[in-house]
Amino acid sequence: MKRKKEILDYVRFVCPMLFLYVIFFLVPLGQTVAYSFTNWNGISKQKEFIGFANYVNAWKDSVFLNSMKFTIVSAIVFMAAANVLGFLLALCLNRKIRSRILLRAIIFCPFIFNNVTVGFIWQFLLGRLMTDLYPLTGWGIFNMGWLSNEKLVLYSVVFVKLWQSMGYFMVIYLAGLQMLPQDPLEAAVIDGCGQLRMIPYIKLPLMRPTIFVCLFLAVTETLNMYPLLMTLTNGGPGHASENISLYIYTEAFKSHNMGYASALAVILTVVVMIVAAFQMKITKEE
Amino acid sequence: MRENKRINFLIALILWILCAGMFAPMIFVLINSVKTFGEVVMEPLSLPAVWSLDNYAEVLDTSNYIKVFENTIYFAVLSGLIVLIFGSMAGYGLARMNSRVGKVTQLVFMMAMMLPFPVIMIPMANVASKMGITNNLTRISVLNAGFSCSLAVIMYSQSIRGIPRELDECAFLDGCSGYRFFFSIIFPLLKPITGTLAVLYFIRYWNDLMLPLVLISKKEYYTIPLSQLNFYNQFTQNRWNLLLASGVMAIIPVLILYVFAQRTIIEGIAAGAVKS
C-alpha cells in the first residue's frame, strides 16, 4: 500500500519535470558525446565515425589550447579579485552605515544588466572613449590599447566582469557575515581581540562554507561570460581573449565543425566535473 | 558592539566615491546616446549640440522594439511558470520519498547545475529543429524550463522537507490528496521560496542570450539580448549613436523593475547562490 502510493506519487509529481529534463538536458548531453566521435558538419545527413581523432586534434590545436589557457588564467584572476573585493565590500556594508541599503543596491545593480549590452557599452568606453581621452589628458593609462593589446585584454575583460558582478559576491558574503554565530565574536571581544584582528582569526575561518561557494561561483561566472566576450572583444585581438565556451560556439555555428566542437564540449564537461567533485569533497570535509 | 562613528563616515564616503566611479562611465553613454553619429565619432567627450531623442525613435522603429519586448516577457514569464509549477511538484515528490530512487533522481537533477550551456548546445539545436521547436516561443519556453529546472527542484525539495509529513496524512484522512492537496495546501505554504525563485529565474531568462541565439532565427521572435547582438553586429562600425541608444533601452525595463523590487531581487539572488 505504502509502496504503491510512493510509485504513484513519483509518477504524478516527479515525472513531468523529469521528463522535460531528460529530453532537453540528459539526451542532448549524451548526444554531445556521440557526436564527438564523428566528423559531422551539422548540415549533411551522414556522419562518419572517426574514433578519437577529434580529441587527438584538440591537443594539436593551438587555438584551443590558447582558449583553455585564457579560461584558466581569467578564472584565477577573476576569482582572486572578485572574492577579495566582494569580501571587503561586505565587511564595510556589514557596519551600521546609514546609507548601507542604498549603497548595496547601487553596487549590485550592474549584475542584472544583460551581458551583450554591458559588452558593447564597455567596448565603446574602453575602445573609443579612451583614445579621445588621451590627447586631452596626456595620461599614459588611456593610451595602452586596453582592448587591442594581446596581453592587456585579459585584464580588461576581468575588469568589466568585476564591474558587473562584484556586487554579486558582496551580497553573498554579506549574507554569510550576517549568519555568523554571535557567541564566538562576543567571546573574542571579551578576550580583548580588536575589530581588525577579528577578521583573519575569527570571521574568515567561520566563513569557510561561504568562501567555497563564492570560489566555485567565480569559476562558473568566468565559464559563462562568453556573451559578454562576444560584444566586448569578440575573442580578439586575434584569439587572445577567446574563452573555451566561446571557441566551442564559434567552431560549431560559424565554422560548422559540429563533431570537433562536441569533442571540445566533452573535454570541458570533464574538466568542470573534476572541479565540482573537488569542491564537493572539500565542502563535505568541512 | 560599539562602532566608531568617524570610521563609519569614512567608509561610507569611500563607498559613495566607488559608486560614483562605477556609474560615471554610464553618464558618457547616456550623453552619447542622444548625439548625432558625427558628434559621437568626432567629439565623444563634448555635450551634444542639440538634445534630441531621434536615436531612440529610430531604434524603436528599426529594431521593432515593442515586439521584441513582448517576446522577451512572454519567453521569461512562460518559462518561469513552467519551472515553478513542475519544479515545485517534483520537489514535493522528491522530498516525500524515502527510497534510493528519490536520492538518485535528486543527484541526476543536480547534474545540470554546474555544466555550462555549450556542453549541450549542439545537439539541442539539432533536436529542436527536428521537433519543430525552433522559431516557436512557446515550445522554446518548454525546452528552456526543462533544461534549467535544477535549481528550482533542489530548492523546493529542501524547503518542503521542513513541512511536517503529518500534514499530508491528516489531509489524506480528510479525503484530500494528489494534485488538489498539493496545490491547495502545500503550494501556498511555499510562498517565500516561490518568490525568491520567481525573481531568480525571471532575471536569468530575461537576460539569456545563448538559448534564443541557437534556436531563434526569425526576427519577429527575437528577444532583447538577441536583438541587441544583432544590432551590434549590424552597426558596430558605423552607428554608435544608435547602438548606445538601444543599449540604454535594453537596460531600462530591468532597471525599473530593480528600483521597485531591489530588496527582493538582491536577497533572492543571494539566497539562491548560498543554497545551490
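Not measured: the values here are computed from a predicted model. (Residues numbered from 1 in each chain as written. Chains lettered and ligands numbered in written order. Predicted model: local features only at pLDDT ≥ 70, side-chain atom pairs only at ≥ 80, totals over all residues. Heavy atoms only, no water.)

## Description of the overall build of chain A
Within chain A one finds twelve helices and zero strands. The order of helices and strands in chain A, counted from the N terminus, is α-α-α-α-α-α-α-α-α-α-α-α. Taking 286 residues into account, the globule formula puts the C-alpha radius of gyration at 19 Å, and chain A, at 24 Å, lies well above it. Expressed as lengths along the three principal axes of its C-alpha atoms, the size of chain A is roughly 80 × 75 × 30 Å. For chain A, the proportion of contacts with a sequence separation of at least 24, taken over those separated by at least 6, is 70%. For chain A, the exposed area adds up to about 13,500 Å²; of that, 66% sits on carbon and sulfur atoms. Taking the average place of the 23 positive charges on the side chains of chain A and the average place of its 14 negative ones, the gap between the two points comes to 6 Å. (Helix = DSSP H or I, 4+ residues; strand = E, 2+ residues; numbered from the N terminus. Rg over C-alpha atoms; globule rule 2.2 N^0.38 Å. Contact = heavy atoms within 4.5 Å. Areas by Shrake-Rupley, 256 points an atom, 1.4 Å probe, with all protein chains shown as cover. Lys, Arg positive; Asp, Glu negative; His and termini not counted. Charge placed at Lys NZ, Arg CZ, Asp CG, Glu CD.)

## Description of a positive patch on the surface
Residues and elements named next belong to chain B. Residues Arg 100, Lys 103, Arg 161 and Arg 165 make up a contiguous surface patch of positive charge. Relative to the helices and strands, Arg 161 resides in the loop between helix H8 (150-160) and helix H9 (166-173). On the basis of relative accessible area, Arg 161 is assigned to the partly exposed category, the value being 44%. (Patch = residues over 30% accessible without salt bridge, like charges linked within 9 Å, V, L, I, M, F, W, Y side chains within 5 Å. Salt bridge = Lys/Arg side-chain N within 4 Å of Asp/Glu carboxyl O. Buried < 20%, exposed > 50% of the residue type's maximum accessible area, 1.4 Å probe, protein only.)

## Examining the pattern of salt bridges
Enumeration over the complete set of coordinates arrives at four salt bridges over all chains. Between Glu 221 of chain A and Lys 161 of chain A there is a salt bridge, with its nearest N and O atoms 3.2 Å apart. You can see Glu 221 of chain A sitting in helix H9 (residues 208-223) and its partner Lys 161 of chain A sitting in helix H6 (residues 153-178), a full 60 residues away along the chain. Of the two residues examined, Glu 221 of chain A and Lys 161 of chain A, each falls in the buried class. Via salt bridges that share partners, Arg 104 of chain A together with Arg 263 and Glu 267 of chain B belong to a single interconnected network.

## Focus: the environment of Ser 99 of chain B
Locating Ser 99 of chain B in the fold gives a position in the loop between helix H4 (65-95) and helix H5 (100-114). Between the C-alpha atoms of Ser 99 of chain B and Ile 203 of chain B, which are 104 residues apart in sequence, the distance is 35 Å.

## Brief notes about the domain arrangement of chain B
On domain assignment, one finds that chain B holds domain 1 (5-52) and domain 2 (64-235). Measuring from the centre of the C-alpha atoms in domain 1 of chain B to the corresponding centre in domain 2 of chain B gives 38 Å. (Domains from an automatic or database assignment.)

## Description of the interface of chain A and chain B
If you look at the interface, chain A gives 89 residues, while chain B gives 102 residues. At the boundary of chain A with chain B, total buried surface from both sides reaches about 8,700 Å², with 79% on carbon and sulfur atoms. Area buried by chain A at its contact with chain B is led by Phe 13, Met 17 and Phe 24 of chain A, which between them contribute 9% of it. At the surface where chain A touches chain B, the tally comes to one salt bridge. Glu 267 of chain B is paired through a salt bridge with Arg 104 of chain A; the nearest N and O atoms lie 3.6 Å apart. The interface formed by chain A and chain B contains 16 residue pairs in polar contact (both at pLDDT 80 or more). The element that contributes the greatest number of residues to the side of chain A that touches chain B is helix H1 (residues 2-35) of chain A, accounting for 19 residues. Grouping the constituent residues of the side of chain A that touches chain B by class yields 67 nonpolar, 14 polar and eight charged. (Buried area = accessible area lost by both parts, 1.4 Å probe. Polar contact = N/O pair within 3.5 Å; in protein donor to acceptor, adjacent residues only side chain to side chain. Nonpolar A, V, L, I, M, F, W, Y, C, P; charged D, E, K, R; others polar.)

## Structural notes on the side chain of Ser 36 of chain A
Residue and element names in this part refer to chain A. Here Ser 36 shows up in the loop between H1 and helix H2 (53-60). On the accessibility criterion, Ser 36 (0% relative accessible area) is buried. Looking at Ser 36, its side chain comes within polar contact range of the main-chain oxygen of Val 33, at 2.6 Å.

## Digging into the confidence of the model for chain B
Of the residues in chain B, 97% reach a pLDDT of 70 or more, and the chain-wide mean stands at 85. Taken element by element, chain B is modelled with least confidence in helix H2 (residues 37-42) of chain B, mean pLDDT 74, and with most confidence in H4 of chain B, mean pLDDT 92. (pLDDT = per-residue confidence, 0-100.)

## Focus on helix H13 (residues 224-235) of chain B
Residues and elements named next belong to chain B. Look at H13: 16 Å from first C-alpha to last across twelve residues, which is about the 16 Å you get at 1.5 Å a residue. Most of H13 is tucked away: nine of the twelve residues are buried. The complete set of buried residues in H13 reads Ile 224, Pro 225, Leu 226, Ser 227, Gln 228, Leu 229, Phe 231, Tyr 232 and Phe 235. (Expected span 1.5 Å × (residues − 1).)

## Here's the deal with the packing of aromatic side chains
Tallied over the entire structure, the rule returns 34 aromatic pairs over all chains. Taking the centre distance of 5.3 Å and the plane angle of 50° together, the rings of Phe 124 of chain A and Trp 240 of chain B count as tilted. One end of the pair, Phe 124 of chain A, is in helix H5 (residues 115-137); the other, Trp 240 of chain B, is in helix H14 (residues 240-275), on a second chain. With relative accessibility at 0%, the residue Phe 124 of chain A sits in the buried group. (Phe/Tyr/Trp six-rings, centres within 6.5 Å; stacked < 30°, edge-to-face > 60°.)

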